[in-house]
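These are the residues of each chain, in order.
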Amino acid sequence: MSVLREEKAAPRTGSVIISMKVDISDITRVNGASLDLSLHEDRTVGVQLLEGYTLSEPVRFSGNLTNMNGILKLDGRLKTGYKVMCYRCLGEIERQLDITMLESIVNGKSDIDEPDAYTYTGDYLELDKIIEDNIILNLPMKQVCTQECKGLCQKCGANLNEGSCSCKEDSVNPHMESLKKFFSKKN
Ligand SMILES: [Zn+2]
Ligand SMILES: [Zn+2]
């Protein structure tokens, strides 16, 4: 039972950035056989998985892979960290991800009907895609540094968390002004 990691450097961009290969030859032939997995991939640090989201910590996975009637069940926890901008003030925030994973993987040549299953061929399972998908699906869309974040002034761009700007006085919406004029003419 061994876990292999490719020695060649993974590219820092593109979709295939995590390179984790597992030798599954011991479990694919025996129903009920299980493999403990403990993976630690640090070449992912600094990689942008999704626009605006950069991994800031190694990707760690611990769990097991079990052959259940020909379907490999991957069960475990995935942890990493990422950096993203606060969508209100554009400040950098760092967050943790702790994901419970449960995936089914079938031999690409088998006729097992398992919806949403990943596939493998031969004696090795590539975990890259499965792990990437799980991270991406668990990245929240809009992140704020704190719930109280005041964001940036729409006019001058000042960070309102650091104090108010001088734009406050004339906060009249020009749109509302012309509407007011429009209605006052009518009356
Ligand atoms: Zn903020
Ligand atoms: Zn301002």
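Here, the structure is the one placed above.
Residues numbered from 1 in each chain as written. Chains lettered and ligands numbered in written order. Predicted model: local features only at pLDDT ≥ 70, side-chain atom pairs only at ≥ 80, totals over all residues.

Undergrad: Quick rundown of the pairing of strand S8 (residues 92–107)? Include the residues and the values.
TA: Sheet topology note: the strand S7 (residues 71–85)/S8 ladder contains 14 bridges and is antiparallel. Directly across from Leu74, in S8, lies its bridge partner Glu103. As paired elements, S8 and strand S9 (residues 118–120) share three bridges and run parallel to each other. Its bridge partner being in S9, Val106 is matched across the sheet by Thr119. (Pairing = 2+ DSSP bridges. Helix = DSSP H or I, 4+ residues; strand = E, 2+ residues; numbered from the N terminus.)

Undergrad: Explain unusual backbone geometry to me, and be specific about the residues and the numbers.
TA: Keep in mind that most residues, glycine aside, have a negative phi and that most peptide bonds are trans. Notably, Asn69 is not glycine yet its phi reads approximately 55°, a positive angle. For Asp116, which is not glycine, the phi dihedral falls at a positive 60°. Checked against the element boundaries, Asp116 lands in the loop between S8 and S9.

Undergrad: Tell me about the nonpolar core, residues and numbers included.
TA: Within the largest apolar cluster, 16 residues are counted, with the highest numbers of intra-cluster contacts made by Val22, Ile24, Leu65, Leu72, Leu125, Leu127 and Ile131. Within the residue set of this core, elements represented by two or more residues are strand S6 (59–68), S7 and helix H2 (128–137). In this view, Leu72 contacts Ile24, Leu65, Asn67 and Ile105; residues no more than four positions away in its chain are not counted. (Core = buried A, V, L, I, M, F, W, Y, C linked by C-beta atoms within 7 Å. Buried ≥ 20, exposed ≤ 12 C-beta atoms within 10 Å, placed from the backbone. Contact = placed C-beta atoms within 7 Å.)

Undergrad: Pulling in residues and values, what's your account of H2?
TA: For H2, the complete set of buried residues consists of Ile131, Asn134 and Ile135. Projected onto a plane normal to the axis of H2, the buried residues spread over an arc of 100° and lie on a single side. Turned more than 90 degrees from where H2 packs its buried face, Ile136 and Leu137 sit exposed. Its buried side turned inward, H2 meets strand S4 (48–50), S6, S7 and S8. (Arc of directions from axis to C-beta.)

Undergrad: I'd like a rundown of the environment of Thr54, residues and numbers included.
TA: Along the chain, Thr54 turns up in strand S5 (residues 53–55). On the basis of neighbour count, Thr54 is assigned to the partly exposed category, with 17 C-beta atoms found within 10 Å. Separated by 29 residues in the primary sequence, Thr54 and Lys83 place their C-alpha atoms 5.2 Å from one another. With near-sequence residues (within four places) excluded, Thr54 lies in contact with Gly46, Val47, Gln48, Tyr82 and Lys83.

Undergrad: If you had to explain the pairing of S7 to someone new, which residues and values would you point to?
TA: Inspection of the sheet shows S5 paired to S7 by two bridges, in the antiparallel sense. In the strand pairing of S7, Thr54 is matched with Lys83. Here nine bridges tie S6 to S7, and the two strands are oriented antiparallel to one another. Across the sheet, Thr66 pairs through a bridge with Lys73, a residue of S7. Linkage of S6 to S7, two consecutive antiparallel strands, is achieved through a turn of two residues, within which Asn69 is found at a positive phi near 55°. Connecting the antiparallel pair S7 and S8 is a turn made up of six residues, with Leu90 showing a positive phi of about 65°.

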